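# Coordinate analysis (summary)
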Amino acid sequence: MNLPFSHPWILVPAGVGVLVLLLLALRAHLRPGLGVQVVGQRPIWQGMGMALLVAGLGLGLAEPRWGLPEFPRLTVHVVLDASRSMTVPDVAGRTRWEAAVATLDRIWSRPQSGLRWSLDLITGDATPVQPPGEDRSLLREALRAVAPGEVGSPGTSLGRGLPQVAAQVEADLPAVILLLSDGEETWEAPEEALNRAVTPLKKGRIPVCVLAFGDGQPHSVPPGPGATARGAEPLVSTAHPEFLTRLAEATGGQVFRDGEDAAAGLQALAAGRLPLPASRSLQPAHPEVGAGLALIGLMVWLASAGKPLTKWRPILLFVAGLAMPLAGQTPGTGWAPAGVKAWLAQRALEGGDLAGARRWRPADAKPAHVLLAAQIDLRTGFPEDALKVLSPLVGQGSPRPVPAWRAPALLLASRAYKETQRPTEARALLERLLLEQPGQPEATHDLQTLVQDATPPPPNPKKPPPPPPPRPSMGAQQDELEGLRQRLPKPPQTPAGVKDL
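Everything quoted here is computed from the prediction, not taken from an experiment.

## A closer look at the packing of helix α16 (residues 406-419) against helix α17 (residues 423-436)
How two helices pack is summed up by the angle between their axes together with the distance between the axes. Relative to each other, α16 and α17 sit at 165°, their axes nearing to 7 Å. One finds that α16 runs roughly antiparallel with respect to α17. Helix-helix and strand crossings are classified by hand; for α16 and α17 the assignment is left-handed. Contacts between α16 and α17 pair Arg406, Ala407, Leu410, Leu411, Ala413, Ser414, Tyr417 and Lys418 from the former with Pro423, Glu425, Ala426, Leu429, Leu430, Arg432, Leu433 and Glu436 from the latter. Counted by class, the contact of α16 with α17 contains ten nonpolar, one polar and five charged residues.

Right under this line is the structure:
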């Protein structure tokens with residue numbers, strides 16, 4: 001059972017401490033000493049104040065969670081059964097493989113906010129295909145190159161393959177496994193496979209959501225290349241959706257009916273409307289509730305302490321009010337509230353104190369604080385850290401209406417990409433911003449200046465000289481020469497019969 005606390009085990013010692021304090025206060029109230037009566041102390045109220053103080057301390061450390069996260073975020077590790085049994089045509093006239101691919105196409109064809117996808121194929125072992133990312137077109141194209149039964153070892157081993165996929169899941173981040181299979185295990189007994197798969201999944205707090213394919217009746221497997229070695233595909237295949245249901249229930253996952261149900265369920269998990277394990281949940285924690293309760297308990301105790309603390313009460317109240325912010329001055333303690341850290345970091349950044357801004361840099365998931373942390377990372381020369389911080393805010397797709405933090409997040413991320421010498425990614429983010437919010441002057445300016453083309457355009461060619469006058473053709477020259485001959489005077493002719501001497 002997932003309690004709405006980050007650390008529910010702290011409630012047990014806190015509850016024991018509260019009971020002990022109340023019992024001691026009741027005993028002191030029923031049998032007060034002479035000194036207690038003289039100084040005017042009230043043991044029952046002092047005990048209640050101390051009990052409230054301990055209860056508030058335990059509640060704050062346990063970190064109660066409620067509400068929805070500021071932005072959706074979820075990594076879905078898709079595990080697709082690629083064994084030869086998926087070629088059985090028992091899903092409304094289609095093969096199990098065709099039905100599974102069509103389901104993924106429907107899920108990936110719609111815009112999804114805050115979702116990242118990876119793809120693994122599972123047969124006798126697990127075969128990674130694509131790491132987590134947002135390029136759904138690439139995932140769809142990758143499936144077109146896969147033929148069931150021709151990848152990895154023959155057969156299906158869910159008990160061995162799922163732990164391999166679970167080892168790739170990042171710790172303490174919202175993530176689930178989406179398994180599309182017929183549920184047939186051919187390498188070991190179903191109970192052994194279930195125990196082998198569930199143990200690492202429960203240890204890593206990774207829910208498994210399943211989509212089952214097949215009608216549950218025995219069907220012959222279409223022939224294909226394969227040997228009769230150990231672990232080969234059987235000649236007859238029977239889908240076992242009940243095995244997948246038990247796997248989902250054992251890991252805290254869900255059973256989806258079809259692609260539409262799966263798309264809606266994954267969006268609900270990403271938005272916090274459906275629960276995830278506490279270590280992977282993005283639900284906001286509220287330790288300030290415990291701090292407020294502890295402060296009330298301290299005031300009750302001070303008011304009931306009698307004459308010895310009459311003059312010290314204002315001073316103690318003032319010190320109690322300053323204790324929490326002052327404790328945050330020690331690096332690494334983290335006792336200062338996120339709002340106080342953000343205010344101090346902003347003041348330091350505006351004053352040019354980069355070391356102080358780095359020390360007070362907020363680390364919570366509030367969008368305004370995430371933007372401030374990314375700005376500090378950029379100013380102090382850590383663009384890669386800024387990209388990691390901004391990754392939840394700059395994914396493909398955004399809530400509607402577009403939140404105010406979307407444009408600054410994309411602009412900061414594009415600047416970080418530019419500083420890491422990746423102008424192509426920076427240009428893609430700026431173009432995404434202009435598509436989501438047309439007319440953004442900052443994005444237009446950055447496309448023209450911040451993300452300049454690395455290769456300048458070639459210089460304008462020089463003006464060519466004028467062409468030479470055309471030369472007359474040989475026929476025209478002959479005509480001119482013939483006309484010239486006709487115009488020239490002819491030599492005098494010699495009279496006939498007269499001989500030259």
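From this point on, the discussion continues.
## Digging into the sheet that holds strand β4 (residues 175-181)
Strands sit in the order β3-β2-β1-β4-β5 across an open sheet of five strands; the sheet is mixed. With partners counted over all chains shown, the strands left at the sheet margins are β3 (126-133) and β5 (208-212), one partner each. Shown here is a sheet whose adjacent strand axes are inclined to one another by a mean of 15°, direction ignored. Where β4 meets β5, five bridges bridge the pair, whose relative direction is parallel. Bridge pairing links Leu178 to Cys209 in β5. The strands touched by helix α8 (residues 241-251) within the sheet are β4 and β5, with β5 carrying the most contacts at an inclination of about 165°.

## Concerning the packing of helix α3 (residues 43-62) against helix α10 (residues 288-303)
It is the contact of α3 with α10, at a shortest axis distance of 7 Å, that shows an interaxial angle of 165°. Considering their axes alone, α3 and α10 lie roughly antiparallel with respect to each other. Read as a crossing pair, α3 and α10 show a hand that is left-handed. Every residue of α10 that contacts α3 at Trp45, Gln46, Gly49, Met50, Leu52, Leu53, Ala55, Gly56, Leu57, Leu59 and Gly60 is listed here: Val289, Gly290, Ala291, Leu293, Ala294, Ile296, Gly297, Leu298, Val300 and Trp301. Taken together, the residues that form the contact of α3 with α10 break down as 15 nonpolar, six polar and no charged.

## Some points on the confidence of the model for the protein chain
Taken over all residues, the pLDDT of the protein chain has a mean of 75, while the share at 70 or more is 73%. Counted against residues more than four places away or in other chains, residues 226-231, with its pLDDT under 50, gives five contacts. Here residues 324-334 scores under 50 on pLDDT; set against residues more than four positions off or in separate chains, the count is 13 contacts.

## Observations regarding the environment of Ser153
Note on placement: Ser153 falls in the loop between α5 (136-144) and α6 (158-166). C-alpha separation for the pair Ser153 and Asp125, spaced 28 residues apart in sequence, amounts to 6.3 Å. If we skip the residues at most four places from it in the chain, Ser153 touches Thr123, Gly124, Asp125 and Trp187.

## Overview of α5
Those residues of α5 lying buried are Arg136, Leu139, Ala142 and Leu143. The arc that holds every buried residue of α5, seen down its axis, measures 115°, which confines them to one face. Of the surrounding elements, those touching the buried residues of α5 are β1 (74-81), α4 (96-108), β2 (115-122) and β3.

## Here we look at the nonpolar core
Of all hydrophobic cores here, the largest spans 33 residues; its most connected members are Val76, Val78, Trp117, Leu178, Leu180 and Leu266. Listing elements by their share of this core, those giving two or more residues are β1, α4, β2, α5, β4, β5 and α9 (259-271). Of the residues forming this core, the biggest block, seven residues, is contributed by α4. Setting aside anything within four residues of it in sequence, one finds Leu266 in contact with Leu74, Val76, Leu115, Trp117, Val176, Leu178 and Phe256.

## With respect to the pairing of β3
Pairing analysis gives five bridges linking β2 to β3, with the strands arranged antiparallel. Opposite Leu121, over in β3, you have Thr127 as the bridge partner. Taking the residues that link successive antiparallel strands as the turn, the β2-β3 hairpin has three residues.

## A few points about a nonpolar patch on the surface
The grouping of Val12, Val16, Val20 and Leu24 at the surface amounts to a nonpolar patch, some 360 Å² of accessible area in total. Its location among the elements puts Val20 in helix α1 (residues 11-30). Owing to a relative accessible area of 43%, Val20 belongs among the partly exposed residues under this scheme.

## Observations regarding unusual backbone geometry
The backbone of Gln421 sits at a positive phi, close to 65°, despite the residue not being glycine. Along the polypeptide, Gln421 turns up in the loop between α16 and α17. The exposure class assigned to Gln421 is exposed, which follows from its relative accessible area of 66%.

## Section: helix α7 (residues 190-203)
For α7, built from 14 residues, the straight-helix expectation of 20 Å at 1.5 Å per residue is met to within 8% by its first-to-last C-alpha distance of 20 Å. Within α7, burial applies to Ala193, Leu194, Ala197, Val198 and Leu201. The buried side chains of α7 occupy one side of the element, clustering within an arc of 115° when seen end-on. Turned more than 90 degrees away from the buried face of α7, the exposed residues are Thr199 and Lys203. Turning to α7, the residues buried within the fold contact α6, β4, β5 and α8. At the C-terminal side of α7, Arg205 shows a positive phi close to 55°.

The rules behind these values
Residues numbered from 1 in each chain as written. Predicted model: local features only at pLDDT ≥ 70, side-chain atom pairs only at ≥ 80, totals over all residues. Heavy atoms only, no water. Axes fitted to C-alpha atoms, helices over the stretch in contact; angles between N-to-C directions. Helix = DSSP H or I, 4+ residues; strand = E, 2+ residues; numbered from the N terminus. Parallel < 35°, antiparallel > 145°, perpendicular 65-115°, else oblique. Left-handed = near helix turned anticlockwise from the far one by under 90°. Contact = heavy atoms within 4.5 Å. Nonpolar A, V, L, I, M, F, W, Y, C, P; charged D, E, K, R; others polar. Pairing = 2+ DSSP bridges. pLDDT = per-residue confidence, 0-100. Buried < 20%, exposed > 50% of the residue type's maximum accessible area, 1.4 Å probe, protein only. Arc of directions from axis to C-beta. Core = buried A, V, L, I, M, F, W, Y, C linked by side-chain atoms within 4.5 Å. Patch = residues over 30% accessible without salt bridge, like charges linked within 9 Å, V, L, I, M, F, W, Y side chains within 5 Å. Areas by Shrake-Rupley, 256 points an atom, 1.4 Å probe, with all protein chains shown as cover. Salt bridge = Lys/Arg side-chain N within 4 Å of Asp/Glu carboxyl O. Expected span 1.5 Å × (residues − 1).

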